[in-house]
Amino acid sequence: MILIGICASSAAAQDKRGQVTNLPLPRFVSMKAAEGNVRRGPSLTHRIDWVFKRRGMPLQVTAEFGNWRKVQDRDGAGGWVHYALLSGVRTVLIESEMLPVYTNPDPNSPVSAQFEAGVVARLGSCTIDWCRISAGGYKGWTLKSNLWGVEPGEVRE
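Residues numbered from 1 in each chain as written. Predicted model: local features only at pLDDT ≥ 70, side-chain atom pairs only at ≥ 80, totals over all residues. Heavy atoms only, no water.

A. Looking closely at unusual backbone geometry. The amide bond that connects Leu25 to the next residue, Pro26, takes the cis arrangement and shows omega of -10°. Mapped onto the fold, Pro26 is located in the loop between α1 (2–14) and β1 (27–31). Here the phi dihedral of Asn22 falls at roughly 65°; this positive angle occurs in a residue that is not glycine. Its place among the elements puts Asn22 in the loop between α1 and β1. In this model, Met98 sits at a positive phi of 50°, which is unusual for a non-glycine residue. Along the polypeptide, Met98 turns up in the loop between β8 (91–94) and β9 (99–102). By relative accessible area, Met98 is classed as partly exposed at 37%. (Helix = DSSP H or I, 4+ residues; strand = E, 2+ residues; numbered from the N terminus. Buried < 20%, exposed > 50% of the residue type's maximum accessible area, 1.4 Å probe, protein only.)

Set out below in structure tokens:
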């Protein structure tokens, strides 16, 4: 009986949906604006703790309240941001220094580019282990484990 309850609550946690959008939580989005205030709570009356200043930066939405989304960045820093500052366009943050990007999802294929750590790249399709990314006019495939902004088991068409 207890085991069934644990499995059911675990499945419910994986299927959590936002009460406003009915989209999955957590989920990844990106900064639409070049600058966005991050507040302590979901309203204009709450104090601004800091400002995100990077258009396209990937963020993870962890909660929703009205027109506000609770987000966090790669380092876990975050707060409440107005939804108008966010985009559904998926981006990722390169986490490895001089990351090779291949022409095909195969480490034996030719390298088409190398991206520095900290580069924000647009996310394309993903298999279980590989994702197609693009930045600065360069595109190709890299191992998903080198990226922040995509779930380990996520597959994208």
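B. Focus on the pattern of salt bridges. One pass over the structure, following the stated rule, counts seven salt bridges. A salt bridge links Asp49 to Arg40; the shortest N-O distance between them is 2.8 Å. Judged by relative accessible area, which is 27%, Asp49 ranks as partly exposed. Measuring nitrogen to oxygen at the nearest pair gives 2.6 Å for the salt bridge that ties Arg74 to Glu95. Of this pair, Arg74 sits in the loop between β5 (68–72) and β6 (78–82) while Glu95 sits in the loop between β8 and β9; the two residues are 21 residues apart in sequence, bridging distant segments of the chain. (Salt bridge = Lys/Arg side-chain N within 4 Å of Asp/Glu carboxyl O.)

C. Representation of the nonpolar core. Counting 14 residues, the largest nonpolar core has Phe115, Ile133 and Leu147 as the members making the most contacts within it. Within the residue set of this core, elements represented by two or more residues are β8, β9, β10 (111–115), β11 (120–126) and β12 (130–135). Not counting residues within four places of it along the chain, the set of residues in contact with Ile133 comprises Val92, Ile94, Val101, Phe115, Ala121, Arg122, Leu123, Tyr138, Lys139, Gly140, Thr142 and Leu147. Counting residues in each nonpolar core, the second largest holds twelve residues, with Val29, Ala33, Phe52 and Met57 among its members. (Core = buried A, V, L, I, M, F, W, Y, C linked by side-chain atoms within 4.5 Å. Contact = heavy atoms within 4.5 Å.)

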